[in-house]
Structure formats: structure tokens, C-alpha cells
Amino acid sequence: MARTLPHLTVDPTRDHKRAVLDAGAVRDAYRRWAGVYDAVFGGVSSFGRKRAVAAVNRLPGNRVLEVGVGTGLALPLYRGEKRVVGVDLSREMLEKARERVAAERLLHVEGLVEMDAEHMAFRDDSFDLAVAMFTASVVPDARKLFAEMSRVVRPGGQLLFVNHFAATDGPRWWVERAMAPLSRVLGWHPDFALSDLMGSEVEVESLEACPPGGLFTLVQVRNGRAARALAA
């Protein structure tokens, strides 16, 4: 009789098994990654991070929420007039971010809070902009992340995401689907698709490929009726 591995489900839109992430798995993964995250991922992710913050800096509105702030690698890049609040589920990652804020005297950072991005404690319309860098494929339910970001950002504000999105064919597609069952160990979904984050009813303002080799994509969405409907 065939055995089903624990924590694996079959998504009807996929033809391979995928590990289910939960808050505990994410905390465990990033407790392991916290001490080496900057060295392992800081370089490869720097291009996407810089482009995302550059976009935030150009956009109107100074109340900024960074979701999945991690060790705070992006925090020094914001312009001084932006008032930034960062949230993360990992206490260990936040400790690194707080050390960075103190060491670099980042006065524009108004708070770093341990918080579940799928259930944020902020009131509706608390921010002008929300940005999630390399976070959408980490949370258990990316649609809930999108809905919460839409809820806490004012109508007409901007939602920005930098993430790796899965290939649809070719060698990378095979690698990503082969790695999918390892999501709980890695702490993210290697086979994460844009459709996992938002539905077709949400209008994307821009998609920008980021180095290296277009591995990451910057997605920008105006917080409009369709986006906020997901938070209702």
C-alpha cells in the first residue's frame, strides 16, 4: 500500500507533492538561519532588495510597513523621511535587526515587532505602503499575507513584493518541483507561483525582473477594490 509522507498535500493545480508550512515550521527554520542568513542570502538577494526599497523611496507616502523584515538588511536603504515599521515571526531574526538599527542609528525605523504576517495587529489603513521582500513564499498562506497587507494599507496605497516565482518549464522547473517536499526544512516553497499570492482579479501595476538572471521579480500592486476585497 502506498504511503503518504507526513505534512505533504497535493495541490490540484500541481502534479507534485508539496510540504505544508505552518508558523512553527517557519519559526524553526529561521531560528536555524538567523546566525548565517546575511552571509548565505544577503548577496544573492541584494539586487531585489535594493530595487524594492528604491521603489518605496520614489512612491508617495511615508508610513511604510516592511513585512518579514528579517535581520533588517533593507532598513539602512530607506530614505530618512520614510517612517518604517518592520514585523517578523522570528524572534532570532528580529534580534539581529534590532542590533543593526542600534549600530547604524537608523532613526527612521519606528518599530520592530514580532508578529504573524497573516494576522497583524495593526488597524485598517495604518500605512501608505507595505513591502514584503522574500516573504511571500515563506508564510503558510500567501493569500492571507496579501489580504492582511491590503487591509493595513490605505486605499490607493501600494503593495510591493520581491520574490522568487517558480519557472513554468525548463531545468529550473524540474529542480523546483523536486525541492517542493523540503519546504519545511528550507523554510520556504521553492515552487511558489504568483497565483499563490494573488488571484487574477487583482491588477498588477508592474513586474520587474531582478538580477541575478531574473531569479527574483519585483511586483507592484495599487491597493484597490479587488485587492481589499480579499481582506474582507
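All values derive from a computational prediction rather than experimental measurement. (Residues numbered from 1 in each chain as written. Predicted model: local features only at pLDDT ≥ 70, side-chain atom pairs only at ≥ 80, totals over all residues. Heavy atoms only, no water.)

## Re unusual backbone geometry
For Arg105, which is not glycine, the phi torsion reads 50 degrees and is therefore positive. Relative to the assigned elements, Arg105 resides in the loop between α4 (91-104) and β5 (109-114). Residue Arg105 is classed as exposed on the basis of its relative accessible area, which comes to 71%. A positive phi is found at Asp125, a non-glycine position, where the angle reads about 60 degrees. Inspection of the secondary structure puts Asp125 in the loop between β5 and β6 (127-133). (Helix = DSSP H or I, 4+ residues; strand = E, 2+ residues; numbered from the N terminus. Buried < 20%, exposed > 50% of the residue type's maximum accessible area, 1.4 Å probe, protein only.)

## Topic: the packing of aromatic side chains
Within this structure, the stated rule accounts for three aromatic pairs. Between the aromatic rings of Phe134 and Phe216, the centroid separation amounts to 5.0 Å while the plane-to-plane angle is 75 degrees, which identifies the pairing as edge-to-face. Pair noted here: Phe134 is in the loop between β6 and α5 (142-152) and Phe216 is in strand β9 (residues 216-222), with a separation of 82 residues, a long-range link. Considering the side-chain rings of Phe146 and Phe161, the 5.7 Å spacing of their centres and the 15 degrees angle between planes classify their relative orientation as stacked. Linking Phe146 in helix α5 with Phe161 in strand β7 (residues 153-163), this pair joins segments that are 15 residues apart in sequence. Each member of the pair, Phe146 as well as Phe161, is classed as buried. (Phe/Tyr/Trp six-rings, centres within 6.5 Å; stacked < 30°, edge-to-face > 60°.)

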